[in-house]
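Topology and contacts: notes
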Amino acid sequence: MKFLDYSVIIKNWPFLMLGLRETLRISSLAVTMGFCIGSFVALARLSRSHMLKLLSGAYIEFIRGTPLLVQLFILYYGLPQLGINLDRRAAAAIGLSINSGAYVAEIVRAGIQSIDKGQMEAARSLGMSGTMAMIYVILPQAFRRVIPPLVNELIMLIKDSSLLSVIALTELMRAGEHIRTRTYKDFEIFTFIALVYFVITYTLSKILGYLERRLQVSD
Amino acid sequence: MIKVKNLHKSFDQLKVLRGMTTSIGKGEVVVIIGASGSGKSTFLRCLNLLEIPQKGEIFVDGIDICAPGVNLNLVRQNTGMVFQHFNLFPHKTALENISLAPLKVKKMAPQEAKKLALTQLERVGLRDKENAYPRHLSGGQQQRVAIARALAMQPKVMLFDEPTSALDPEMIKEVLNVMKQMARDGMTMVVVSHEMGFAREAADRVIFLDEGVIVEEGPPEQVFFHPQLPRTKEFLSQIL
Ligand SMILES: Nc1ncnc2c1ncn2[C@@H]1O[C@H](COP(=O)(O)OP(=O)(O)OP(=O)(O)O)[C@@H](O)[C@H]1O
Ligand SMILES: [Mg+2]
């Protein structure tokens, strides 16, 4: 094992940390945007309008039914042909947000539907409009229930963000590739990168476990 | 106060209400009994338009609530409803449960809404529970908060759908006592319940519903002890 040389990590530490920062930045942006998109799409899907139902359904099915990699290629390599040029960071942020939005929409929809229908009836019987009942009664309850699956979605998203390396965004994975082409220390670099992803996701899943226990107590 | 004419309601093929006609006076307390599936809940839910009837007329306080263009939310403010499973808002305290609708629907000032909520809590004997969440209240207490919540909208009619059937026996009494007090205070009440004690003490009239029509109605003593029809006798023999 003497041929393994982890000093390559130390030497390239600042560059790797820049990559990590990009990974975290783009993931948190995408999860926030994804949450906004997902919430609206979930409401659209549950609305009475056939048009909204159809559009939101099509969005969810299409995004969930095609690989993220292909979606990113369409955005970054395909769109310029139509005269739409996105820089790599914009393409990455938009691609990841739109992708995450579809999954979040299903999480939020399930959350809303898990609320006992007696809640809506009680609210309506007091004279609240459907919108009011949604805002003050249903969504606050649904929101607590979707926190755990949303953290789960964030974990998936951080792992998926490694795919952004293919559209030349220098996040953690691509930082590793850069170093690799200079040093040929593939094993050291990618085991270290795997460890970094693992530390992040493991921490999140610990937090998730804590949240789940807390929410159970207050239910 | 309530006038119902030839009310029909079906779910797809299933005809649940098949021509109900009755009228309920101001301050009258009516208890509805009937077998499971006879349409008791459906009838109550038509009265505040949680279900929309296919045919027939319903007047509440002189307003035809089935007329096209009627304001559903306004109609429902006039008819408070109490559910079998309370349906309190679990993320809100007892006080917030009661003040939510006055605040948001009636746009009442926060101070005024709080005062109103405290008055209603007092009325159901739970003045000390204002900050308790539903999960920390017993079933009987939850149902009393639910009653206070409905009362806070100052409805003209109160509808109760089996308000005590999810409660342990020792809690039934505290809820029924609140309801009896409301009856004495002159509230118009329509109560689906098989609590005979309550019916005999508080009800002006008992309606026996069978397969979506009223087959017999009259003062509690008459319906319970001298039923006219064999169908009523048969049903009563099952619940007594
Ligand atoms: N939303 C609905 N969709 C389809 N069928 C329904 C719906 N609501 C009620 N029903 C059916 O209508 C019939 C009457 O129901 P309803 O709840 O009015 O009966 P009930 O007299 O209140 O009975 P219970 O004593 O069991 O509460 C039942 O057969 C029920 O299954
Ligand atoms: Mg019922």
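Notes on the structure in this doc start here. (Residues numbered from 1 in each chain as written. Chains lettered and ligands numbered in written order. Predicted model: local features only at pLDDT ≥ 70, side-chain atom pairs only at ≥ 80, totals over all residues. Heavy atoms only, no water.)

Observations regarding the overall build of chain B
Each helix and strand counted, chain B has nine helices and ten strands in total. Along the three orthogonal principal directions, the C-alpha set of chain B runs to about 55 × 45 × 30 Å. Taking all 240 residues of chain B together, the buried fraction comes to 55%. Expressed as a percentage of contacts within chain B between residues at least 6 apart in sequence, the contacts between residues at least 24 apart total 66%. As displayed, chain B offers around 10,600 Å² of accessible surface, 49% of which is attributable to carbon and sulfur atoms. Each charge class in chain B was averaged separately, 30 positive and 26 negative side chains, and the resulting centres sit 5 Å apart. (Helix = DSSP H or I, 4+ residues; strand = E, 2+ residues; numbered from the N terminus. Buried < 20%, exposed > 50% of the residue type's maximum accessible area, 1.4 Å probe, protein only. Contact = heavy atoms within 4.5 Å. Areas by Shrake-Rupley, 256 points an atom, 1.4 Å probe, with all protein chains shown as cover. Lys, Arg positive; Asp, Glu negative; His and termini not counted. Charge placed at Lys NZ, Arg CZ, Asp CG, Glu CD.)

Topic: the overall build of chain A
Helix and strand counts for chain A stand at nine helices and zero strands. Secondary structure elements of chain A, listed N to C terminal, follow the sequence α-α-α-α-α-α-α-α-α. Summarising its shape, the C-alpha atoms of chain A cover approximately 75 × 50 × 25 Å along the three principal directions. For chain A, the proportion of its 219 residues judged to be buried stands at 44%. Relative to all contacts within chain A whose residues are 6 or more apart in sequence, the contacts with residues 24 or more apart total 73%.

Some details on the sheet that holds strand S2 (residues 14–24) of chain B
All names here are of chain B. Strand order in the open sheet made by the four strands is S2-S1-S4-S5, with antiparallel pairing throughout. Of all strands in the sheet, those bounded by a partner on one side alone are S2 and strand S5 (63–64). Two strands pair when backbone bridges link them, and strand S1 (residues 2–11) and S2 are joined in this way by eight bridges, in the antiparallel orientation. Each bridged residue has a counterpart across the sheet, and for Lys 3 the counterpart in S2 is Ser 23. (Pairing = 2+ DSSP bridges.)

Some remarks on the sheet that holds strand S6 (residues 79–82) of chain B
Residue and element names in this part refer to chain B. As summarised here, the arrangement of the six strands in space is S6-S7-S8-S3-S9-S10, forming an open sheet in which the pairing is mixed. Each having just a single partner strand, S6 and strand S10 (213–218) make up the two edges of the open sheet. Across the sheet, the mean angle separating the axes of adjacent strands is 20° when strand polarity is ignored. One ladder, built from four bridges, connects S6 with strand S7 (residues 157–161); its direction is parallel. Paired with Met 81 across the two strands is Leu 159, which belongs to S7. (Axes fitted to C-alpha atoms, helices over the stretch in contact; angles between N-to-C directions.)

What to know about the environment of Glu 57 of chain B
Tracing the backbone through its elements, the reader meets Glu 57 of chain B in strand S4 (residues 55–60). Once you skip the residues sitting within four places of it in the chain, Glu 57 of chain B turns out to touch Lys 3, Val 4 and Lys 5 of chain B.

Structural notes on the state of the cysteines
Tallying each qualifying case throughout the model produces zero disulfides over all chains. Cysteine Cys 66 of chain B shares no disulfide, and the gap to the nearest cysteine sulfur, in Cys 46 of chain B, comes to 7.7 Å. (Disulfide = S-S within 2.5 Å.)

A short note on the interface of chain A and chain B
Counting from both sides, the interface comprises 19 residues of chain A and, opposite them, 24 residues of chain B. Of the roughly 1,800 Å² buried at the junction of chain A and chain B (both faces included), carbon and sulfur atoms supply 62%. At the junction of chain A and chain B, the tally comes to one salt bridge. Between Glu 121 of chain A and Arg 45 of chain B there is a salt bridge whose closest N-O contact spans 2.8 Å. Our enumeration of links across chain A and chain B arrives at five residue pairs in polar contact (both at pLDDT 80 or more). (Buried area = accessible area lost by both parts, 1.4 Å probe. Salt bridge = Lys/Arg side-chain N within 4 Å of Asp/Glu carboxyl O. Polar contact = N/O pair within 3.5 Å; in protein donor to acceptor, adjacent residues only side chain to side chain.)

Looking at the site of ligand 1
Residues and elements named next belong to chain B. The environment of ligand 1 is made up of Phe 11, Leu 14, Val 16, Ala 35, Ser 36, Gly 37, Ser 38, Gly 39, Lys 40, Ser 41, Thr 42 and Glu 162. A distance of 2.6 Å separates an oxygen atom of ligand 1 from a polar atom in the side chain of Ser 36. In the environment of ligand 1, an oxygen atom lies 3.0 Å from a nitrogen or oxygen atom belonging to the backbone of Gly 39. Protein contact buries 58% of the 630 Å² of open area that ligand 1 shows by itself. Of all the elements in the fold, those that place two or more residues in the shell around ligand 1 are S2 and helix H1 (40–47). Looking at the shell around ligand 1 residue by residue, the classes come out as four nonpolar, six polar and two charged. (Near = heavy atom within 4 Å. Nonpolar A, V, L, I, M, F, W, Y, C, P; charged D, E, K, R; others polar.)

Focus on the pattern of salt bridges
In total, this model carries 19 salt bridges over all chains according to the counting rule given. The shortest N-O distance in the salt bridge between Arg 45 of chain A and Glu 106 of chain A comes to 3.2 Å. Of this pair, Arg 45 of chain A sits in helix H2 (residues 13–46) while Glu 106 of chain A sits in helix H5 (residues 88–113), and the two are 61 residues apart along the sequence. Overall, Glu 106 of chain A belongs to the buried group, its relative accessible area being 14%. In this structure, the salt-bridge partner of Arg 45 of chain B is Glu 51 of chain B, at a minimum N-O distance of 3.1 Å. For the pair shown, Arg 45 of chain B and Glu 51 of chain B are each scored as buried. Within this structure, Arg 45, Arg 64, Glu 106 and Arg 109 of chain A form a network of salt bridges that share partners.

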